[in-house]
Amino acid sequence: MPGFELIGKEEANAVSEVFKEGGTLFAHGFDNLRQKYHVREFEKETSVFFNSKHCHAVTSGTAGLKCALKALGVGNQDEVITQAFNFIATIESIIDCGANPVICNIDENLNMDVDDCISRITPKTKAIIIVHMLGIAGPIYKLKEYAKKYSIPIIEDNCESIGAKSNSKYLGTLGDLGVFSFDHGKNITCGEG
Ligand SMILES: *Cc1c(COP(=O)(O)O)cnc(C)c1O
């Protein structure tokens, strides 16, 4: 948690190395000045770790959710279903795309009530965001099964449950897209990311 981070020599050295490697603020290009792009290394290693075809690092979990929604073509007047017990950023990212959030109920585990979610599908539903709250896996398998016949893409908001598994599979790798956060209050922090 903020103020109680476990930051050891390895992390401190990694940060100080960045300052020795040239310009710190280049994301792309300027290869003569800066040879190493650690974010690209991070994306590669994350893909391998999660056995995921693609990994794209952005500035925050909120930005990740927005990129995921945009990648699915979510825009004005579309509907995106997500759950009542949640973090505000999930709703904000939907609104930021010009779409309307549709809120479904939660179950006794405080995760998504899949039956209630499915009952809220309309012709305008463009995506469903299931949120794995506080390290507890939401009913992603049931959601996939029930949503199959509607062909609606599923985004896993896994900002609070990195490393957690369900049926031996990593959360965030089971939907069509998975979003993670490295904000200062999450399980693993980079400050933001
Ligand atoms: C923290 C969080 C986010 C947003 O992540 P940031 O990196 O803070 O933007 C989104 N969804 C959930 C469930 C979160 O807990």
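Report follows, based on the coordinates. (Residues numbered from 1 in each chain as written. Predicted model: local features only at pLDDT ≥ 70, side-chain atom pairs only at ≥ 80, totals over all residues. Heavy atoms only, no water.)

Some details on the pairing of strand β3 (residues 125-131)
Logical step 1: Taken across its seven residues, β3 has six buried, putting it largely inside the fold.
Logical step 2: Across three bridges, strand β1 (residues 79-83) lies against β3 in parallel orientation. Each residue of the ladder has a partner; that of valine 80, found in β3, is alanine 127.
Logical step 3: Sheet topology places β3 next to strand β4 (residues 154-157); four bridges connect them, and they run parallel. By the bridge assignment, isoleucine 129 is partnered in β4 with isoleucine 155.
Logical step 4: Handedness of the crossover is the feature at issue here: the chain leaves β3, passes through helix α6 (residues 140-147), returns alongside β4, and the resulting connection is right-handed. (Buried < 20%, exposed > 50% of the residue type's maximum accessible area, 1.4 Å probe, protein only. Helix = DSSP H or I, 4+ residues; strand = E, 2+ residues; numbered from the N terminus. Pairing = 2+ DSSP bridges. Right-handed = clockwise from strand over helix to strand, strands pointing away.)

Concerning the pattern of salt bridges
Logical step 1: Going through the model one piece at a time under the given rule, you end up with seven salt bridges.
Logical step 2: For aspartate 116, the salt bridge goes to arginine 120, with nearest N and O atoms at 2.9 Å.
Logical step 3: For aspartate 116, a relative accessible area of 15% gives the class buried.
Logical step 4: Residue arginine 120 is classed as partly exposed on the basis of its relative accessible area, which comes to 31%.
Logical step 5: The salt bridge partner of glutamate 145 is lysine 148, with a shortest N-O separation of 3.6 Å.
Logical step 6: Looking at glutamate 145, the relative accessible area reads 49%, which means it is partly exposed. (Salt bridge = Lys/Arg side-chain N within 4 Å of Asp/Glu carboxyl O.)

Remarks on the side chain of serine 161
Logical step 1: Within the element layout of this structure, serine 161 appears in the loop between β4 and β5 (165-166).
Logical step 2: In this structure, serine 161 is in contact with His132, Met133, Leu134, Gly135, Ile136, Leu171 and Asn187, ignoring residues within four places of it in sequence. (Contact = heavy atoms within 4.5 Å.)

Some thoughts on helix α2 (residues 38-50)
Quick reminder: α-helices carry 3.6 residues per turn. Residues three or four places apart thus point the same way.
Logical step 1: The end-to-end C-alpha distance of α2 is 18 Å, a good match for the 18 Å that 13 residues give at a rise of 1.5 Å each.
Logical step 2: Those residues of α2 lying buried are Glu43, Thr46, Ser47 and Phe50. Axial view of α2: buried residues confined to an arc of 100°, hence all on one face. Away from its buried face, by an angle of more than 90 degrees, α2 presents the exposed residues Lys44, Glu45, Val48 and Phe49.
Logical step 3: Check the buried side of α2 and you find it contacts β6 (169-170). (Expected span 1.5 Å × (residues − 1). Arc of directions from axis to C-beta.)

Side note on the packing of aromatic side chains
Logical step 1: Considering all chains together, one arrives at five aromatic pairs under this definition.
Logical step 2: Ring centres of phenylalanine 50 and tyrosine 170 lie 5.2 Å apart, and the angle between their planes is 80°; this geometry places the pair in the edge-to-face category. With phenylalanine 50 in helix α2 and tyrosine 170 in strand β6, the pair connects residues that are 120 residues apart, well separated along the chain.
Logical step 3: What makes phenylalanine 50 buried here is its relative accessible area of 10%.
Logical step 4: The side chain of lysine 165 reaches across the aromatic face of tyrosine 170, ending 4.8 Å from its centre.
Logical step 5: In this structure, lysine 186 is placed above the aromatic ring of phenylalanine 87, and the distance from its NZ or CZ to the ring centre is 4.9 Å. (Phe/Tyr/Trp six-rings, centres within 6.5 Å; stacked < 30°, edge-to-face > 60°. Lys NZ or Arg CZ within 6 Å of the ring centre and 35° of its normal.)

None of the figures reported here should be taken as evidence of function without further support.
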